[in-house]
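One-letter residues, chain by chain:
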Amino acid sequence: MRYGFLTWIVLLCTAYGYSQTKTVTGTVSDNMGPMPGVNVLVKGTTNGVVTDFDGEFTIDDVSNDDTLVFSYIGFVSQEVPVGTQTEINITLSEDTQALDEVVVVGYGTQKKSNVIGSVTSVEVEEATNVPTTNVSEMLRGRAAGVQVNLGDARPGGNSNIVIRGNVSVAPGGNSPLIIVDGLPFDNLNDVAPDDIANIEILKDASSTAIYGSRASNGVILVTTKRGKVGKATVNYHGYTTVQTLTKNFNQYTGSQFIDLRREANRNRFTGDYLSDENIFTPFELEAIENQNFVDWEDLVLRDAVIQSHALSFSAGSEKTKVFSSVNYFSQEGIIPNSGFDRGTFKLNLEQKISDKLTFLGIINYQNAKQDRETGGINFTTITPLAQPYTADGELQKFYLGPSNTSVNPLWDQRESVDETKINLTDVNLSLIYDIAPNLSYTLKTFLRNRNTNQGVYRSSLHSAGDEGIDGLGVLSNTLFKQVLVENILNYTPQINDKHSLDLTAVQAFDERRTEYTQLDKSGFTNDALGFNGNATELLNNVRDVSQRRLLSFLGRVRYGYMDKYLLEATARADGASVFAENNKWGFFPAVSLAWKMHMEPFMQDIDAINEMKFRVSYGTTGNQGINPLESLGVADDLPYVFGDETVAGATASSRLPNPDLKWETTTTLNAGVDFRLFNNLFQGTFEYYKANTTDLLLDRAIAGTTGFNVIRFNSGEIQNQGIEASLTSNIIRKEDFSWSLGLVFSRNRNEVISLTGELDDEGNPIDITDANSGRRLSVGQSINNIWLPKYDGIYQEGDDIAGSGNPLAQPGDVRVIDQDGNGQIDNRDNVFINTDPDWYGSITNTITYKNFDLFADIYIVQNATRLNPVLANGELWKGAINGIRTKYYTPEYPSTEYPRPKPDTHLHLFPFAVRDASYVRLRTLTLGYNIPRDTFSKIGLQSAKIYLTGTNLFTFTDFKSYSPEQTPLNNDQNGSAFPETRNITLGVKLGF
């Protein structure tokens, strides 16, 4: 009986113990419907969850005495005692004291409603729908004033970002500053897309001046993910992408190419065709007879696959927060021998050591490998009358017949390798010490090591081996090291309710060192080991070391009166080692004002206006976009050979030193208005800016009699001005259905205001041809231009050819305008054609219905201009090479658009090849399904989403190329450009 009584006591105690915890469920909404992503935390503990896509949550281990805290940025937090409740449904209200989210700005954060400068936040969730490691492409169409142009479409390639137009003619002088977690990065693509939490873009002098000399081209701020207080979470994102060729032109088929050459060799006076024996080689005649034609595009290109896997871990308590991730990305190229593989590791740690001291640590490691196709594969222009394979299917070296020594490009592809390996390590350690409640000191240190090894090998069978070289190897190594130390002091004194003050002071030191080594060798024992094998002869040995240092001091004051009138003033002094002794320092101040008009009494009764903020800024930034030694006299290596002995030697560089070289300075005026209207139905921004850059860092050719070829000097002024607008409308937001529409519009005008001040005999400013870029700079014109006669169609029968300026022309030839009417076409008839678009923008639609979401992104570029080198190639119109298929002029079918093929080179093909490169593209289309949590809750899955994404699905353009942002050939014209692709992606996101 006694043991039975004790047993009952134990059972009751056990039941009582279990009854102290329970599971609580519920839904969190606002006045528009369910809210995903709301933090639900048991007060005073680390037990917390996040609401799912339907605003629902389930939290375990909750007792009756607990209190649940519901929080979300921009909304008032709520605390709800649990008591006996097992289901809690609440509605969060908007925080009128914090109208919108906190955004990252230079050296700190601000409420978006208090931002004075031109700062744009990028929607990261939408941006990461693009399957790429090229983070630059994620910014396309996401922010007004930010233009992204495709630089290299191959795996591991990049794009060029220009913010508010070209402000410089210096090499690399228009690239924005990349800041990741407060630290400068030399490449935006070093950040794994799945690690990104926020992206902000700073565009005006007010927001960028705090970065001084590095920020004349705008700043891109990237914040990576960090650990959060609450339960540990594990997230996985994986996808597979199939890449296929996309283009808007066709090449000549074999039979069409034959007709082209026959037409080119037709007698233009009698109209008679020559016999094929007089036009084609015996090898080509055999191919014609046997109908053996080659579709090089089909032969070379292939469908290719991308795979990406990202796994992350996040956990945190009040003292320790950890985020860590592992990412793997692999992309095949649609051209054989091309591909890219990258693995990354990230650790982000925040540790509160004491009440006053906090430690922050970030470690990034990246290992990447890029394989490039070698040599030029002109699948765009190569003749279809060829035999790349023998009858037995073996690749043959001389593909145009035994009498032609041209080497099959596929042969050289097989017999060569071009491989680049990258190892990158970043270590960022910071200490934050709270000296007083409103005064803090931060020590930030950063070390970056990037080691790039490239190996190129051409086997003994490669065409380079025709000269008797037993294999040719080129090994290069680039070691980049960066050290940064920043001391940051921040003081936010509490004055009273009407006044707010925020003071920031920074001292920084930044050193970058690059070491480059190259070895060229030949005489390899065999081809088995490629460039890793032993070689008997050293052909060349290059060593180049450069270093640049930057010492900076800066301060910023933010002042607010009644949270209605805002003032911000910034000043920064930079000393750069790359400039001459007396001009190393630059000073860059900026000031900005903002007025929250909606808080004025006279606007309180206007219900349609939720927010109306007017802001204006004025300030300067600098540019140090030159090589480290350009202000000094340097020597070029020139070894001397005495008999069989080579001894060291040197000669003066071809660049004339300039000891007076100084900073390029950009001064910017910016005015803008931010608004939210009709109960937040519409929100957007409209801005006007004008930026003038003086003391341009120009390259100028000089007379060879001086002993030099070029000099870098300061002279001239260019101006960029434009307007930007962005609008987001939450058209529908109901419990089961929502629809938001986003519009972005940008327009920029670039103009050369002055140059050297020299005048010609007629009193006009003398133009400068920039020796570095080849651009012709002229007062009153854009720096991005083409200087050629103006194309005016194709001569037709009955035209006044004799009086046209080209009296020797015939019907079917290219016609240009004789601007001065002197009866001849020469340089005096050239005109400037601006290549920049009139405007560019995007339209985005986001639609959700229950568990489904749909996102569509349309990108538009209007009135851009580009020269198409294939159309400008005279060999195409001779029928000597293949190319873009056109309805060319014939006497029977006289074209008004395309010239007549003929055996001699057309005049004025370049003006003819200047083409409109405007386009409209359905860039992204994504359909996603959020799987209800109940489906997988038993295995601990908190969220699950599958999605299907199409990228570059449709492009409408008249520019004939693989991309309207590319010409069909490489810049060196030795091969076809790497084609852009259409991508179909299937992906999954899981949260545990």
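Just above, that's the structure.
Everything in this summary refers to the structure shown in the same document. Residue numbers here run from 1 along each chain, matching the order of that chain's written sequence. Local features in this predicted model are restricted to residues of pLDDT 70 or higher, and side-chain atom pairs are both shown and tallied only at a pLDDT of 80 or more, whereas totals for entire chains, interfaces and linings draw on every residue. As a rule here, side-chain values come from all non-hydrogen atoms in the structure, and water together with hydrogens is ignored.

## Quick notes on the overall build of the chain
Elements are defined by DSSP. Helices are runs of H or I of four residues or more, strands are runs of E of two residues or more, and each kind is numbered from the N terminus. Counting secondary structure elements, the chain contains 10 helices and 54 strands. For the radius of gyration, the atoms used are the C-alpha atoms, and the globule rule reads 2.2 Å times the number of residues raised to 0.38. For 992 residues, the compact-globule formula gives about 30 Å, and the C-alpha radius of gyration of the chain, at 33 Å, lands near that figure. A burial count over the chain gives 49% of its 992 residues as buried. Across the chain, every contact between residues at least 6 apart in sequence was considered, and the portion connecting residues at least 24 apart equals 68%. Per-residue accessibility takes into account occlusion by the displayed protein chains alone, with areas from the Shrake-Rupley method and a 1.4 Å probe. Carbon and sulfur atoms make up 54% of the accessible area of the chain, which amounts to about 45300 Å² in all. Taking the average location of the 83 positive side-chain charges in the chain and that of its 119 negative ones, the two points are 6 Å from each other. Accessible area is worked out with a 1.4 Å probe on protein chains only. A residue is then buried under 20% of its type maximum, exposed over 50%, and partly exposed in between. Residue contacts follow a heavy-atom distance rule, with two residues in contact if any of their heavy atoms lie within 4.5 Å. Just so you know, the count uses Lys and Arg for positive and Asp and Glu for negative, and it drops His and the chain ends. Charge placement uses NZ in Lys and CZ in Arg. For Asp and Glu, CG and CD serve respectively.

## Here's the deal with the sheet that holds strand 11 (residues 119-122)
The strands making up a sheet associate through hydrogen bonds between their backbones, and the pairing can be parallel or antiparallel. Only strands that DSSP links by at least two bridges are regarded as paired with each other. The strand order across the open sheet formed by five strands is 11-16-17-14-15, and the pairing between neighbours is mixed. In this open sheet, the two strands that pair with only one neighbour each are strand 11 and strand 15 (183-185). Here the strands of the sheet are splayed against their neighbours by 30° on average, with no regard to which way each runs. Sheet topology note: the strand 11/strand 16 (residues 196-202) ladder contains four bridges and is antiparallel. By the bridge assignment, Thr120 is partnered in strand 16 with Ile201. The axes used here are C-alpha line fits, helices contributing only the stretch in contact, and every angle between their N-to-C directions lies in the interval 0 to 180 degrees.

## Remarks on the nonpolar core
Only buried residues count toward a nonpolar core, which is a set of Ala, Val, Leu, Ile, Met, Phe, Trp, Tyr and Cys residues joined through side-chain atoms within 4.5 Å. Core analysis: the biggest nonpolar cluster contains 47 residues, and Trp296, Val300, Ile335, Phe379, Leu876, Trp877 and Phe912 have the highest contact counts within it. Among the secondary structure elements, those contributing two or more residues to this core are helix 5 (254-264), helix 7 (296-300), helix 8 (409-414), strand 46 (814-816), helix 9 (874-877) and helix 10 (909-913). Setting aside anything within four residues of it in sequence, one finds Ile335 in contact with Val300, Leu301, Arg302, Glu373, Ile377, Phe379, Phe978 and Pro979. Listed in part, the 23 residues of the second largest apolar core include Val122, Val135, Ile178 and Leu183.

## Regarding helix 5
Burial in helix 5 covers these residues: Gly254, Phe257, Ile258, Leu260, Arg261, Glu263 and Ala264. Packing partners of the buried residues in helix 5 comprise helix 6 (282-290) and helix 9.

## Considering the environment of His237
Here His237 shows up in strand 18 (residues 230-245). Distance from His237 to Asp736, taken between C-alpha atoms, is 26 Å for residues 499 residues apart in sequence. The residues contacting His237, other than those within four sequence positions of it, are Asp194, Ser308, His309, Ala310, Tyr947, Val988 and Lys989. In protein, a polar contact requires one atom able to donate a hydrogen and another able to accept it; more generally it is a pair of N or O atoms within 3.5 Å, and residues adjacent in sequence count only if both atoms are side-chain atoms. A polar atom in the side chain of His237 sits 2.7 Å from the side chain of Asp194.

## Observations concerning unusual backbone geometry
Backbone geometry follows two general trends: most residues other than glycine have a negative phi, and most peptide bonds adopt the trans configuration. Even without being glycine, Asp61 reaches a positive phi, approximately 55°. Examined against the element boundaries, Asp61 turns out to sit in strand 5 (residues 56-62). Although it is not a glycine, Gln291 sits at a positive phi angle of roughly 55°. The topology assignment puts Gln291 in the loop between helix 6 and helix 7.

## Section: the pairing of strand 20 (residues 320-332)
When a strand is regular, its side chains alternate between the sheet's two faces. Sheet analysis places strand 19 (residues 304-316) next to strand 20, joined by 11 bridges and oriented antiparallel. The partner of His309 across the bridge, within strand 20, is Tyr328. Hairpin connection of strand 19 to strand 20: three residues between the antiparallel strands. In the sheet, strand 20 pairs with strand 21 (residues 339-352) via 13 bridges, with the strands oriented antiparallel. Bridged to Thr320 within strand 21 is Gln351. Taking the residues between adjacent antiparallel strands as the criterion, strand 20 and strand 21 are bridged by six residues, where Asn337 takes a positive phi near 75°.

## Observations regarding the sheet that holds strand 35 (residues 655-656)
Read from one edge of the open sheet, three strands run 35-39-38, paired in mixed fashion. The open sheet is flanked by strand 35 and strand 38 (697-701), the only strands paired with a single partner. Relative to strand 39 (residues 710-714), strand 38 runs antiparallel, the two sharing five bridges. Along strand 39, the bridge assignment pairs Asp699 with Arg712.

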